[in-house]
Amino acid sequence: MELRDALRTTGAVRAFLADPVADDVLFRVLDDARFGPSGGNRQAWHVIVLKDVAVREALGALYLDAWHDYVGHVLEGLVPFSPLASDDERARAARRRGDAVALSRPDGFAETIASAPALLAVSVEIGALAATDRDLGRYQVVGGASVYPFIWNVLLAAHEYGLGGVMTTVATRREPEVARLLHLPATHALAAVVALGYPQARPTKLTRKRVDEFVTVDRYDGDPFTGQ
Ligand SMILES: Cc1cc2nc3c(=O)[nH]c(=O)nc-3n(C[C@H](O)[C@H](O)[C@H](O)COP(=O)(O)O)c2cc1C
(Lines give C-alpha, C1' and ligand atoms only; values in the text may rest on other atoms or scores of the structure.)
Protein backbone atom coordinates (compact mmCIF):
# COMPACT_ATOMS: atom_id res chain seq x y z
CA MET A 1 0.00 0.00 0.00
CA GLU A 2 1.01 3.63 -0.40
CA LEU A 3 3.12 4.91 2.47
CA ARG A 4 0.92 7.98 2.93
CA ASP A 5 -2.19 5.82 3.18
CA ALA A 6 -0.45 3.52 5.64
CA LEU A 7 0.60 6.46 7.82
CA ARG A 8 -2.88 7.93 7.81
CA THR A 9 -4.91 4.77 8.35
CA THR A 10 -2.94 2.45 10.63
CA GLY A 11 -5.28 2.82 13.57
CA ALA A 12 -5.63 0.52 16.53
CA VAL A 13 -7.47 -2.71 15.71
CA ARG A 14 -8.71 -4.74 18.66
CA ALA A 15 -11.33 -7.02 17.07
CA PHE A 16 -10.13 -9.78 14.81
CA LEU A 17 -11.56 -12.39 12.49
CA ALA A 18 -11.00 -15.98 13.62
CA ASP A 19 -8.51 -16.56 10.77
CA PRO A 20 -5.08 -17.51 12.09
CA VAL A 21 -1.99 -15.52 11.22
CA ALA A 22 0.37 -17.89 9.45
CA ASP A 23 3.91 -18.04 10.83
CA ASP A 24 5.40 -17.13 7.46
CA VAL A 25 3.26 -13.97 7.33
CA LEU A 26 4.24 -13.04 10.87
CA PHE A 27 7.86 -13.68 9.96
CA ARG A 28 7.60 -11.31 6.99
CA VAL A 29 6.03 -8.64 9.20
CA LEU A 30 8.94 -8.89 11.65
CA ASP A 31 11.43 -9.08 8.79
CA ASP A 32 10.18 -5.71 7.50
CA ALA A 33 9.78 -4.16 10.95
CA ARG A 34 13.38 -4.86 11.97
CA PHE A 35 14.55 -1.91 9.87
CA GLY A 36 13.24 0.48 12.50
CA PRO A 37 15.68 2.89 14.14
CA SER A 38 17.13 2.67 17.63
CA GLY A 39 19.67 4.66 19.65
CA GLY A 40 23.16 3.75 18.41
CA ASN A 41 21.44 1.19 16.17
CA ARG A 42 21.64 -1.27 19.07
CA GLN A 43 18.32 -2.95 18.19
CA ALA A 44 18.03 -4.15 21.75
CA TRP A 45 14.52 -5.55 21.37
CA HIS A 46 13.51 -9.17 21.75
CA VAL A 47 10.20 -10.53 20.51
CA ILE A 48 8.45 -13.57 21.98
CA VAL A 49 5.79 -15.11 19.75
CA LEU A 50 3.22 -16.47 22.14
CA LYS A 51 1.78 -19.78 21.00
CA ASP A 52 1.29 -21.82 24.18
CA VAL A 53 -2.36 -21.44 25.22
CA ALA A 54 -1.56 -21.66 28.93
CA VAL A 55 1.08 -18.92 28.64
CA ARG A 56 -1.26 -16.75 26.58
CA GLU A 57 -4.02 -17.15 29.15
CA ALA A 58 -1.71 -16.35 32.02
CA LEU A 59 -0.52 -13.23 30.20
CA GLY A 60 -4.12 -12.34 29.36
CA ALA A 61 -5.07 -12.55 33.04
CA LEU A 62 -2.21 -10.22 33.97
CA TYR A 63 -3.23 -7.84 31.19
CA LEU A 64 -6.83 -7.76 32.40
CA ASP A 65 -5.76 -7.20 35.98
CA ALA A 66 -3.65 -4.22 34.89
CA TRP A 67 -6.43 -3.01 32.60
CA HIS A 68 -8.69 -2.63 35.61
CA ASP A 69 -6.09 -0.26 37.07
CA TYR A 70 -6.27 1.70 33.83
CA VAL A 71 -10.04 1.90 33.85
CA GLY A 72 -9.94 3.03 37.48
CA HIS A 73 -7.94 6.07 36.36
CA VAL A 74 -10.35 6.75 33.49
CA LEU A 75 -13.33 6.55 35.84
CA GLU A 76 -11.66 9.20 38.02
CA GLY A 77 -11.11 11.43 34.98
CA LEU A 78 -7.32 11.09 35.22
CA VAL A 79 -4.63 10.57 32.60
CA PRO A 80 -3.93 6.90 33.32
CA PHE A 81 -0.51 6.44 34.94
CA SER A 82 0.55 10.01 34.34
CA PRO A 83 4.05 10.47 35.78
CA LEU A 84 2.73 13.68 37.34
CA ALA A 85 -0.28 12.16 39.08
CA SER A 86 -0.35 12.94 42.78
CA ASP A 87 -0.53 10.30 45.50
CA ASP A 88 -4.10 11.41 46.13
CA GLU A 89 -5.07 10.92 42.48
CA ARG A 90 -3.44 7.50 42.42
CA ALA A 91 -5.28 6.50 45.56
CA ARG A 92 -8.58 7.71 44.09
CA ALA A 93 -7.96 5.63 40.95
CA ALA A 94 -7.10 2.58 43.04
CA ARG A 95 -10.38 2.93 44.91
CA ARG A 96 -12.26 2.68 41.58
CA ARG A 97 -10.84 -0.76 40.77
CA GLY A 98 -14.01 -2.47 41.95
CA ASP A 99 -16.09 -0.31 39.60
CA ALA A 100 -13.66 -1.09 36.79
CA VAL A 101 -14.01 -4.82 37.39
CA ALA A 102 -17.80 -4.47 37.38
CA LEU A 103 -17.61 -2.85 33.93
CA SER A 104 -15.75 -5.83 32.49
CA ARG A 105 -17.40 -7.38 29.42
CA PRO A 106 -16.62 -11.03 28.53
CA ASP A 107 -16.07 -10.06 24.89
CA GLY A 108 -13.94 -6.98 25.58
CA PHE A 109 -10.44 -6.70 24.17
CA ALA A 110 -8.76 -6.85 27.57
CA GLU A 111 -10.83 -9.91 28.46
CA THR A 112 -9.99 -11.75 25.21
CA ILE A 113 -6.46 -10.62 24.36
CA ALA A 114 -5.22 -14.15 25.06
CA SER A 115 -7.06 -15.37 21.97
CA ALA A 116 -5.74 -12.73 19.56
CA PRO A 117 -4.65 -14.56 16.40
CA ALA A 118 -1.06 -13.44 16.93
CA LEU A 119 0.34 -12.24 20.22
CA LEU A 120 3.82 -10.84 20.69
CA ALA A 121 5.61 -9.81 23.85
CA VAL A 122 8.33 -7.28 23.12
CA SER A 123 11.07 -6.70 25.65
CA VAL A 124 14.14 -4.52 25.48
CA GLU A 125 17.56 -4.69 27.05
CA ILE A 126 17.59 -1.81 29.51
CA GLY A 127 21.35 -1.31 29.47
CA ALA A 128 21.32 -0.79 25.70
CA LEU A 129 18.81 2.07 25.72
CA ALA A 130 20.04 5.52 24.73
CA ALA A 131 18.42 7.31 27.66
CA THR A 132 19.97 10.69 27.00
CA ASP A 133 17.57 12.35 29.46
CA ARG A 134 18.55 10.11 32.38
CA ASP A 135 20.32 12.87 34.35
CA LEU A 136 17.66 15.58 34.11
CA GLY A 137 15.93 14.74 37.36
CA ARG A 138 12.57 14.52 35.68
CA TYR A 139 10.63 11.59 34.35
CA GLN A 140 12.59 9.88 31.55
CA VAL A 141 11.04 9.53 28.10
CA VAL A 142 13.92 9.05 25.67
CA GLY A 143 14.87 5.44 26.42
CA GLY A 144 11.60 4.12 25.03
CA ALA A 145 12.45 5.68 21.69
CA SER A 146 14.93 2.84 21.20
CA VAL A 147 12.13 0.27 21.03
CA TYR A 148 8.76 1.84 20.16
CA PRO A 149 9.65 2.85 16.59
CA PHE A 150 10.33 -0.86 15.97
CA ILE A 151 6.98 -1.79 17.50
CA TRP A 152 5.24 0.81 15.38
CA ASN A 153 7.00 -0.69 12.35
CA VAL A 154 5.44 -4.03 13.28
CA LEU A 155 2.00 -2.43 13.07
CA LEU A 156 2.78 -0.65 9.80
CA ALA A 157 4.21 -3.83 8.26
CA ALA A 158 1.23 -5.83 9.53
CA HIS A 159 -1.06 -3.39 7.71
CA GLU A 160 0.77 -4.10 4.45
CA TYR A 161 -0.03 -7.81 4.87
CA GLY A 162 -3.72 -7.16 5.53
CA LEU A 163 -3.38 -7.47 9.28
CA GLY A 164 -4.36 -5.02 11.96
CA GLY A 165 -3.42 -4.77 15.57
CA VAL A 166 -2.56 -2.70 18.56
CA MET A 167 0.48 -2.05 20.69
CA THR A 168 -0.41 -2.36 24.36
CA THR A 169 1.55 -1.42 27.43
CA VAL A 170 -0.71 -1.93 30.43
CA ALA A 171 0.77 -5.39 31.07
CA THR A 172 4.00 -3.63 32.03
CA ARG A 173 2.17 -2.87 35.28
CA ARG A 174 2.66 -6.55 36.05
CA GLU A 175 6.19 -6.83 34.68
CA PRO A 176 7.58 -9.03 37.48
CA GLU A 177 4.87 -11.63 36.90
CA VAL A 178 5.21 -11.36 33.11
CA ALA A 179 8.98 -11.72 33.41
CA ARG A 180 8.57 -14.92 35.44
CA LEU A 181 6.01 -16.27 32.97
CA LEU A 182 8.11 -15.54 29.87
CA HIS A 183 11.55 -16.09 31.41
CA LEU A 184 12.64 -12.55 30.66
CA PRO A 185 16.17 -11.92 31.85
CA ALA A 186 16.57 -9.35 34.62
CA THR A 187 18.36 -7.15 32.09
CA HIS A 188 15.16 -6.75 30.06
CA ALA A 189 12.08 -4.59 30.50
CA LEU A 190 8.73 -5.49 29.02
CA ALA A 191 8.02 -2.80 26.40
CA ALA A 192 4.72 -3.96 24.94
CA VAL A 193 2.34 -6.75 24.15
CA VAL A 194 1.21 -6.57 20.54
CA ALA A 195 -1.99 -8.22 19.34
CA LEU A 196 -2.36 -8.86 15.61
CA GLY A 197 -4.93 -10.45 13.36
CA TYR A 198 -7.12 -9.93 10.34
CA PRO A 199 -9.38 -7.04 11.32
CA GLN A 200 -13.13 -7.35 11.68
CA ALA A 201 -13.16 -3.71 10.61
CA ARG A 202 -10.42 -1.23 9.92
CA PRO A 203 -10.57 2.41 10.93
CA THR A 204 -10.27 4.72 7.94
CA LYS A 205 -10.45 8.17 9.49
CA LEU A 206 -8.33 8.54 12.59
CA THR A 207 -8.91 11.25 15.15
CA ARG A 208 -5.66 13.17 15.36
CA LYS A 209 -4.71 16.78 16.08
CA ARG A 210 -4.11 19.13 13.17
CA VAL A 211 -0.48 20.09 12.48
CA ASP A 212 -1.05 23.71 13.54
CA GLU A 213 -2.31 22.50 16.91
CA PHE A 214 1.06 21.06 17.90
CA VAL A 215 3.71 22.70 15.69
CA THR A 216 4.98 26.22 16.35
CA VAL A 217 7.67 28.42 14.83
CA ASP A 218 10.89 29.28 16.64
CA ARG A 219 9.53 28.86 20.17
CA TYR A 220 7.12 26.63 22.03
CA ASP A 221 4.82 29.63 22.33
CA GLY A 222 5.59 30.80 18.79
CA ASP A 223 3.09 31.14 15.98
CA PRO A 224 1.35 27.99 14.87
CA PHE A 225 3.09 26.46 11.86
CA THR A 226 0.51 26.41 9.09
CA GLY A 227 2.69 25.69 6.07
CA GLN A 228 1.43 28.88 4.40
C1 LIG B 1 2.68 3.68 23.97
C2 LIG B 1 1.30 3.14 23.69
C3 LIG B 1 0.67 2.37 24.64
C4 LIG B 1 -0.60 1.85 24.41
N5 LIG B 1 -1.16 1.00 25.32
C6 LIG B 1 -2.34 0.42 25.06
C7 LIG B 1 -2.87 -0.55 25.93
O8 LIG B 1 -2.27 -0.92 26.94
N9 LIG B 1 -4.07 -1.09 25.61
C10 LIG B 1 -4.75 -0.74 24.48
O11 LIG B 1 -5.83 -1.28 24.24
N12 LIG B 1 -4.27 0.18 23.63
C13 LIG B 1 -3.07 0.76 23.88
N14 LIG B 1 -2.53 1.66 22.99
C15 LIG B 1 -3.26 2.01 21.77
C16 LIG B 1 -3.80 3.44 21.87
O17 LIG B 1 -4.91 3.44 22.72
C18 LIG B 1 -4.17 3.92 20.47
O19 LIG B 1 -3.01 3.91 19.66
C20 LIG B 1 -4.74 5.32 20.47
O21 LIG B 1 -5.82 5.44 21.36
C22 LIG B 1 -5.20 5.72 19.08
O23 LIG B 1 -6.27 4.89 18.71
P24 LIG B 1 -6.83 4.89 17.21
O25 LIG B 1 -5.71 4.45 16.32
O26 LIG B 1 -7.97 3.92 17.24
O27 LIG B 1 -7.27 6.29 16.91
C28 LIG B 1 -1.26 2.17 23.21
C29 LIG B 1 -0.62 2.94 22.24
C30 LIG B 1 0.65 3.42 22.47
C31 LIG B 1 1.35 4.20 21.38
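Our subject is the structure that appears above.
No experiment lies behind these values; they were computed from the predicted model shown.

**Student:** Please set out the overall build of the chain residue by residue, giving values where relevant.
**Tutor:** Helix and strand counts for the chain come out as 9 helices and 4 strands. Its helices and strands in sequence order give the chain the pattern α-α-β-α-α-α-α-β-α-β-α-β-α, from N to C terminus. The C-alpha atoms of the chain give 19 Å as radius of gyration, which agrees with the globular expectation for 228 residues (17 Å, within 12%). Here the chain holds 228 residues, and 37% of them are scored as buried. Taking as baseline every contact in the chain between residues at least 6 positions apart, the subset at least 24 positions apart corresponds to 77%. In the form shown here, the chain has an accessible surface area of approximately 13,600 Å², with 54% of it arising from carbon and sulfur atoms. Charge separation in the chain, taken as the distance between the mean sites of 25 positive and 29 negative side-chain charges, equals 2 Å.

**Student:** Explain the layout of surface pockets residue by residue, including any values.
**Tutor:** Gaps left between atoms show up when a probe the size of a water molecule is rolled over them. By volume, the largest pocket is sized at about 600 Å³. Y139, Q140, G144, Y148 and T172 are the residues nearest the centre of the largest pocket, which is lined by 23 residues in total. When residues of the lining of the largest pocket are assigned to their parent elements, the largest contribution, 3 residues, is made by strand 4 (residues 188-197). Of the residues assigned to the lining of the largest pocket, the class counts are 16 nonpolar, 6 polar and 1 charged. Lining of the second largest pocket is provided by 20 residues; of these, Y63, W67, Y70, F109 and A110 occupy positions nearest its centre. Where the lining of the second largest pocket is concerned, the elements lending two or more residues are helix 3 (53-75), helix 6 (109-112) and strand 3 (164-168). With 5 residues, the single largest contributor to the lining of the second largest pocket is helix 3. Tallied by class, residues from the lining of the second largest pocket come to 12 nonpolar, 5 polar and 3 charged.

**Student:** Can you tell me about the site of the ligand, naming the residues and giving the values?
**Tutor:** Taken together, the residues surrounding the ligand are G11, A12, R14, Y63, F109, V166, M167, T168, T169, V170 and R208. The side chain of R14 places a nitrogen or oxygen atom 2.8 Å from an oxygen atom of the ligand. M167 has a polar backbone atom sitting 3.0 Å from a nitrogen atom of the ligand. Residue contributions to the shell around the ligand peak at 3 residues, all from strand 3. A class-by-class count of the residues in the shell around the ligand yields 6 nonpolar, 3 polar and 2 charged.

**Student:** Tell me what's going on with the pattern of salt bridges, and back it up with residues and numbers.
**Tutor:** All told, the structure shown has 16 salt bridges when counted by the stated rule. In this structure, D212 engages R210 in a salt bridge whose closest nitrogen and oxygen atoms are separated by 2.9 Å. Relative accessible area serves as the criterion here: at 28%, D212 is assigned to the partly exposed category. Using a relative accessible area of 52% as the deciding quantity, one classes R210 as exposed.

**Student:** I'd like a description of helix 3, backed by residues and values.
**Tutor:** Helix length check: helix 3 (23 residues) gives 32 Å between terminal C-alpha atoms against 33 Å at 1.5 Å per residue, within 8%. The N-cap of helix 3, judged by a side-chain oxygen 2.8 Å from the amide nitrogen of A54 a few residues on, is D52. Trailing helix 3 by a residue or two, G77 shows a phi angle of about 75°, which is positive.

**Student:** Would you mind going over helix 7 (residues 148-160) in detail, with residue names and values included?
**Tutor:** The end-to-end C-alpha separation of helix 7 is 19 Å, in line with the 18 Å expected for 13 residues at 1.5 Å each. Of the residues making up helix 7, those classed as buried are F150, I151, V154, L155, L156, A157, A158 and H159. Of the surrounding secondary structure, the elements contacted by the buried residues of helix 7 are helix 1 (3-9), helix 2 (23-33), strand 1 (45-49), strand 2 (118-125), strand 3 and strand 4. Directly after helix 7, the chain includes G162, whose backbone phi takes a positive value near 85°.

Cut-offs and rules
- Residues numbered from 1 in each chain as written.
- Predicted model: local features only at pLDDT ≥ 70, side-chain atom pairs only at ≥ 80, totals over all residues.
- Heavy atoms only, no water.
- Helix = DSSP H or I, 4+ residues; strand = E, 2+ residues; numbered from the N terminus.
- Rg over C-alpha atoms; globule rule 2.2 N^0.38 Å.
- Buried < 20%, exposed > 50% of the residue type's maximum accessible area, 1.4 Å probe, protein only.
- Contact = heavy atoms within 4.5 Å.
- Areas by Shrake-Rupley, 256 points an atom, 1.4 Å probe, with all protein chains shown as cover.
- Lys, Arg positive; Asp, Glu negative; His and termini not counted.
- Charge placed at Lys NZ, Arg CZ, Asp CG, Glu CD.
- 1 Å grid on protein atoms, 1.4 Å probe; cavity = no way out; pocket = protein on both sides within 12 Å on 5 of 7 lines; lining within 4 Å.
- Points joined across faces, edges and corners; volume = space filled by probe spheres on them.
- Nonpolar A, V, L, I, M, F, W, Y, C, P; charged D, E, K, R; others polar.
- Near = heavy atom within 4 Å.
- Polar contact = N/O pair within 3.5 Å; in protein donor to acceptor, adjacent residues only side chain to side chain.
- Salt bridge = Lys/Arg side-chain N within 4 Å of Asp/Glu carboxyl O.
- Expected span 1.5 Å × (residues − 1).

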